[in-house]
Amino acid sequence: MNLDDIYSETIMDHSQSPRNYGHLDHPTKVTGLLNPTCGDQIILELAIDADIITDVRFSGKGCSISIASASMLTQAIKGKKIEDAMSFSYNFRASITGMEANIDLGDMEALRGVSQFPNRVKCATLSLNAFEKAINDL
Ligand code: FES
């Protein structure tokens, strides 16, 4: 498999028109993470009410894979209970490191091919790492 092969229409759509890009007026938690290999950064803002992620935005700069992944993640976790969103994040991480995911990954299924390219796994997991850190630091 060639790296170009993983740039599907779904990935390009999310990277060119990222969903939930921007800022929340009153975030409950803001967490930024850097990919040390390239210097790119994703900042995630979460609004949490009780144990529900009621809203989410992200900002920052990164490659197509990191932006697409952040866009897809925000779409997937919005409206979910924290534990379900964390479970989604763990399953997505498993799928892009070559393991089986136990849930429907939706659009994030398009990023499975990244598992063939270890350097790009860091790009795809940047937003997941920011999300999991945000929740673990609550
Ligand atoms: Fe920097 Fe992908 S090259 S996040």
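Please refer to the structure higher up on the page.
Residues numbered from 1 in each chain as written. Predicted model: local features only at pLDDT ≥ 70, side-chain atom pairs only at ≥ 80, totals over all residues. Heavy atoms only, no water.

A few points about the overall build of the protein
- In terms of helices and strands, the protein carries 4 helices and 3 strands.
- Overall, the protein shows an N-to-C arrangement of helices and strands of α-β-β-β-α-α-α.
- The C-alpha atoms of the protein give a radius of gyration of 14 Å, which matches the 14 Å a tight globule of 138 residues would have.
- If one aligns the C-alpha atoms of the protein with their principal axes, the spans along those axes are about 45 × 30 × 25 Å.
- Of all 138 residues assigned to the protein, the portion counted as buried reaches 46%.
- Contacts in the protein between residues far apart in sequence, at least 24 positions, make up 61% of those at least 6 positions apart.
- Accessible surface computed for the protein: about 6,700 Å², of which carbon and sulfur atoms make up 47%.
- Placing the 12 positive and 18 negative side-chain charges of the protein at their respective mean positions leaves the two points 5 Å apart. (Helix = DSSP H or I, 4+ residues; strand = E, 2+ residues; numbered from the N terminus. Rg over C-alpha atoms; globule rule 2.2 N^0.38 Å. Buried < 20%, exposed > 50% of the residue type's maximum accessible area, 1.4 Å probe, protein only. Contact = heavy atoms within 4.5 Å. Areas by Shrake-Rupley, 256 points an atom, 1.4 Å probe, with all protein chains shown as cover. Lys, Arg positive; Asp, Glu negative; His and termini not counted. Charge placed at Lys NZ, Arg CZ, Asp CG, Glu CD.)

A word on the side chain of Ser-71
- Turning to its location among the elements, Ser-71 is positioned in helix 2 (residues 64–77).
- The exposure class assigned to Ser-71 is buried, which follows from its relative accessible area of 0%.
- Looking at Ser-71, its side chain comes within polar contact range of the side chain of His-14, at 2.7 Å. (Polar contact = N/O pair within 3.5 Å; in protein donor to acceptor, adjacent residues only side chain to side chain.)

Considering the packing of aromatic side chains
- Inspection of every chain in the model, using the stated rule, returns 1 aromatic pair.
- The interplanar angle of 85 degrees and the centroid separation of 5.0 Å between the aromatic rings of Tyr-21 and Phe-58 together place this pair among those described as edge-to-face. Linking Tyr-21 in the loop between helix 1 (9–16) and strand 1 (29–34) with Phe-58 in strand 3 (residues 52–61), this pair joins segments that are 37 residues apart in sequence.
- Residue class for Tyr-21 comes out partly exposed when judged on its relative accessible area of 42%.
- According to the relative accessible area criterion, Phe-58 is buried, its value standing at 0%. (Phe/Tyr/Trp six-rings, centres within 6.5 Å; stacked < 30°, edge-to-face > 60°.)

Structural notes on helix 1
- All of the buried residues in helix 1 are Ile-11, His-14 and Ser-15. All buried residues of helix 1 fall inside an arc of 95 degrees around its axis, so they share one side. Seen from the buried face of helix 1, the exposed residues on the opposite side, beyond 90 degrees, are Glu-9 and Gln-16.
- Looking at the buried positions of helix 1, the neighbouring elements they touch are helix 2. (Arc of directions from axis to C-beta.)

Treat this as a map of the structure, not an account of what it does.
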